[in-house]
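# What the coordinates show
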Amino acid sequence: MIRVVRVLSKRISAVLLAAAVAGCSAAPIGVGVDDPIENQNRDTHSLNVAVDRALIRPASNSYGSIVPSPVRTGVSNFASNLNLPGQVLNNLLQFRIENAGHNAFRFLVNTTFGFGGLLDVATEAGLENRGTDFGETLHVWGAPEGAYLELPLVGPSTERHAAGRVVDLLLNPLNFAVDGPLRSAGTGASVAARFGDRYQYSDLVDSVLYESEDSYAQARLLYLQNRRFKLSGGAQPDYIDPYEDVYGDE
Amino acid sequence: MVMNKPFSRRAFVASLAALTLPLPAFALSGPAAEGLVESAVDDINKIIASGKSESSMLRDFQRVFERYADVNIIALTTLGPARRSASNAEIAAYVSAFKAYFTRKYGKRFNEFVGGKIIVEGSRNSKSNVEVLSTARLRGSAPFKVTWLVSDKSGKPKIFNIVIEGVNTLTSERAEIGAMLDKRRGDIGALTADLKKLG
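Given the structure is predicted, the values throughout are model-derived calculations rather than measurements. (Residues numbered from 1 in each chain as written. Chains lettered and ligands numbered in written order. Predicted model: local features only at pLDDT ≥ 70, side-chain atom pairs only at ≥ 80, totals over all residues.)

## Overview of the overall build of chain A
Each helix and strand counted, chain A has 12 helices and two strands in total. For chain A, the N- to C-terminal ordering of α and β elements is α-α-α-α-α-α-β-β-α-α-α-α-α-α. By the burial criterion, 33% of the 250 residues in chain A qualify as buried. Excluding contacts between residues fewer than 6 apart, the proportion of contacts in chain A whose partners are at least 24 apart in sequence is 71%. (Helix = DSSP H or I, 4+ residues; strand = E, 2+ residues; numbered from the N terminus. Buried ≥ 20, exposed ≤ 12 C-beta atoms within 10 Å, placed from the backbone. Contact = placed C-beta atoms within 7 Å.)

## Overview of the overall build of chain B
Assigned secondary structure in chain B consists of seven helices and five strands. Going from N to C terminus, chain B has its helices and strands arranged as α-α-α-α-α-β-β-β-β-β-α-α. Here chain B holds 199 residues, and the buried ones make up 30% of them. Partitioning the intrachain contacts of chain B with sequence separation of at least 6 by distance along the chain shows that 54% fall at a separation of at least 24.

## Focus: the interface of chain A and chain B
Each partner contributes residues to the interface: chain A has 25 residues there, and chain B has 30 residues. At the level of secondary structure, the elements contributing two or more residues to the side of chain A that touches chain B comprise α3 (69-93), α11 (215-231) and α12 (242-247) of chain A. Residue classes in the side of chain A that touches chain B are distributed as nine nonpolar, 10 polar and six charged. (Nonpolar A, V, L, I, M, F, W, Y, C, P; charged D, E, K, R; others polar.)

## Considerations on the nonpolar core
All names here are of chain B. Among the nonpolar cores identified, the biggest contains 37 residues, and V37, V150 and I159 are the most heavily contacted of them. When residues of this core are assigned to their parent elements, the largest contribution, seven residues, is made by helix α2 (residues 30-50). With sequence-adjacent residues up to four places away left out, V37 is seen in contact with V120, V132, S134, W148, V150 and I159. (Core = buried A, V, L, I, M, F, W, Y, C linked by C-beta atoms within 7 Å.)

## Concerning the environment of N111 of chain B
Examined against the element boundaries, N111 of chain B turns out to sit in the loop between α5 (88-107) and β1 (117-126). Residue N111 of chain B is classed as exposed on the basis of its C-beta count, with 12 C-beta atoms lying within 10 Å.

## What to know about the environment of A100 of chain B
All names here are of chain B. Take A100: it is sitting in helix α5. The partly exposed category is assigned to A100, around which 15 C-beta atoms lie within 10 Å. Separated by 99 residues in the primary sequence, A100 and G199 place their C-alpha atoms 8.5 Å from one another.

## Here we look at the environment of I118 of chain B
Residues and elements named next belong to chain B. On the secondary structure map, I118 appears in strand β1. Residues I118 and T135 lie 17 residues apart in sequence; the distance between their C-alpha atoms is 5.7 Å. When sequence neighbours within four positions are dropped, the list of residues in contact with I118 reads V41, S134, A136 and V146.

## Some words on helix α9 (residues 181-200) of chain A
Every α-helix carries 3.6 residues per turn, so stepping three or four residues along brings you back to the same face. Residues and elements named next belong to chain A. Here α9 contains 20 residues, and its C-alpha end-to-end distance of 28 Å stays within 8% of the 28 Å for a straight helix at 1.5 Å per residue. Buried within α9 we find G186, A189, A193, F195, G196, Y199 and Q200. On its buried face, α9 sits against α2 (38-66), α3, α8 (174-177) and α10 (202-211). (Expected span 1.5 Å × (residues − 1).)

## What to know about the sheet that holds strand β3 (residues 144-151) of chain B
Within the open sheet, the five strands sit side by side as β1-β2-β3-β4-β5 (chain B). Their pairing is antiparallel. Two strands in the sheet have a free side with no partner beyond their single neighbour: β1 and β5 (167-168) of chain B. (Pairing = 2+ DSSP bridges.)

## A look at the pairing of strand β2 (residues 155-158) of chain A
All names here are of chain A. Bridge count for strand β1 (residues 148-151) against β2 is four bridges, and the pairing is antiparallel. Within the sheet, the bridge partner assigned to L149 lies in β2 and is S157. In textbook terms, the turn of a hairpin is the stretch between consecutive antiparallel strands, and for β1 and β2 this stretch comprises three residues, one of which, L153, has a positive phi near 70°.

## Remarks on the confidence of the model for chain B
Residues and elements named next belong to chain B. For chain B, mean pLDDT is 83; residues scoring 70 or higher make up 87% of the total. When mean pLDDT is compared element by element in chain B, strand β4 (residues 158-164) scores highest at 95, while helix α1 (residues 9-20) scores lowest at 45. For residues 1-7, every residue scores under 50 in pLDDT, and the model assigns this stretch seven contacts once sequence neighbours within four places are set aside. Low confidence marks residues 12-23, where pLDDT is under 50. Its contacts with residues over four positions away, or in another chain, come to two contacts. Taken over the whole predicted complex, pTM reads 0.86, whereas the ipTM for its chain interfaces reads 0.84. (pLDDT = per-residue confidence, 0-100.)

## Re unusual backbone geometry
All names here are of chain A. Residues other than glycine seldom take positive phi values, yet F115 does so here, at roughly 50°. Locating F115 in the fold gives a position in the loop between α4 (97-112) and α5 (121-124). Classification of F115 by C-beta neighbours within 10 Å gives partly exposed; the count is 13.

## Re the packing of α3 of chain A against α9 of chain A
Residue and element names in this part refer to chain A. At a minimum axis separation of 8 Å, α3 and α9 run at an interaxial angle of 125°. Here α3 lies oblique to α9, going by the angle between them. Judged by the twist between their axes, the crossing of α3 over α9 is left-handed. Contacts from R72, V75, S76, F78, A79 and L82 of α3 reach α9 at G186, A189, S190, A192, A193 and G196. Counted by class, the contact of α3 with α9 contains seven nonpolar, four polar and one charged residues. (Axes fitted to C-alpha atoms, helices over the stretch in contact; angles between N-to-C directions. Parallel < 35°, antiparallel > 145°, perpendicular 65-115°, else oblique. Left-handed = near helix turned anticlockwise from the far one by under 90°.)

## Side note on the packing of α5 of chain B against helix α7 (residues 188-195) of chain B
Residue and element names in this part refer to chain B. The N-to-C vectors of α5 and α7 enclose an angle of 25°; their axes lie 9 Å apart at closest approach. When the interaxial angle is binned, α5 and α7 end up roughly parallel. The handedness of the crossing between α5 and α7 is left-handed. Seen from α5, the contacting residues are E90, A93, Y94, A97, F98 and Y101; seen from α7, they are I188, G189, L191, T192 and L195. Partitioned by chemical class, the residues of the contact of α5 with α7 number eight nonpolar, two polar and one charged.

Structure representation (structure tokens):
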């Protein structure tokens, strides 16, 4: 475990240094799979699957079957709303002022008219969710994606995304603004929201983790494609033309 | 046509454009591809609304799948380079086993689709196919982007891939089949036999 932390911190500082050197133009969207520490990642993956099987899956199934759906939605809305101030900060750091205003307004609307964030009235009013994180900020600043990394308990990541997670934890404005019960409620809600997600997407997660031949490779592929799609702002990623591939060379 | 006037400026520009941007002639139009996706989604919704047993819904789903998807190209693509060393009989057996496996695998997840809606938003030409862009609104989850890749290279307009929030179904399935083949030391016969039990 200590070895993992040491390797991680070394690699994460390399990402931050690269960002500082690269200056301020967005890094190119990654292609292919760069996984130099695959053996170590596979060990972490086995651990994550074991934890899911023993704890997370059963707990999220009970959470999903005991707690009624509207309550689960409320808990998940509450947790996401508390993430918004941190996202506004990231939007500002990315110089995406329009998104900063959008997310600040979402926070305002949901906190007031949405009863402290229990209802996502902003989305219903057409202010859609535009999530971001410090990993994206690093991307905007020009830090390269880095190698693929599976984190204990968190799951698939890259070096850049992992570095971003650490910064997001440290920089969350709520850490400085609120204290006591509200902060614990926020932490509790975000843990419950994770169980709620695991329950809602259980068919998908189960099919990747338990029904695929190589769940590590499937999770890696899914994560990288989806993460790159988000960072590219939803641009259509390139794909092979199977007709050329199948018929072209015969 | 343009060749009748050799060295005209237009012909020169056109030939330059043809060199740098090879634009294939599109037999398949955007609206036709959008219509295909819309009617596939309609048929799937009808199956879900029918309230039949899961096994008969799966049979119906297999029919929809064969009608709208280019099953052959999907199966051959997932087999990857291994198909070059395989015999025709092996490939035919694989394609038929894959078809049933694929339907079972995705058919059984169709309860995620209950109460959901797919809104087709437009299309554009790309490579030799049409990309149909849509947004899926499923119950209890944030809307997400789904791109349907449609081609008529099989002779009829058919869907050959679905990209969901950047995740390419064909690429994922190809990685999955590749991992299965590796584990069976490239034995397509063993893969085909095991596919019949999976999904």
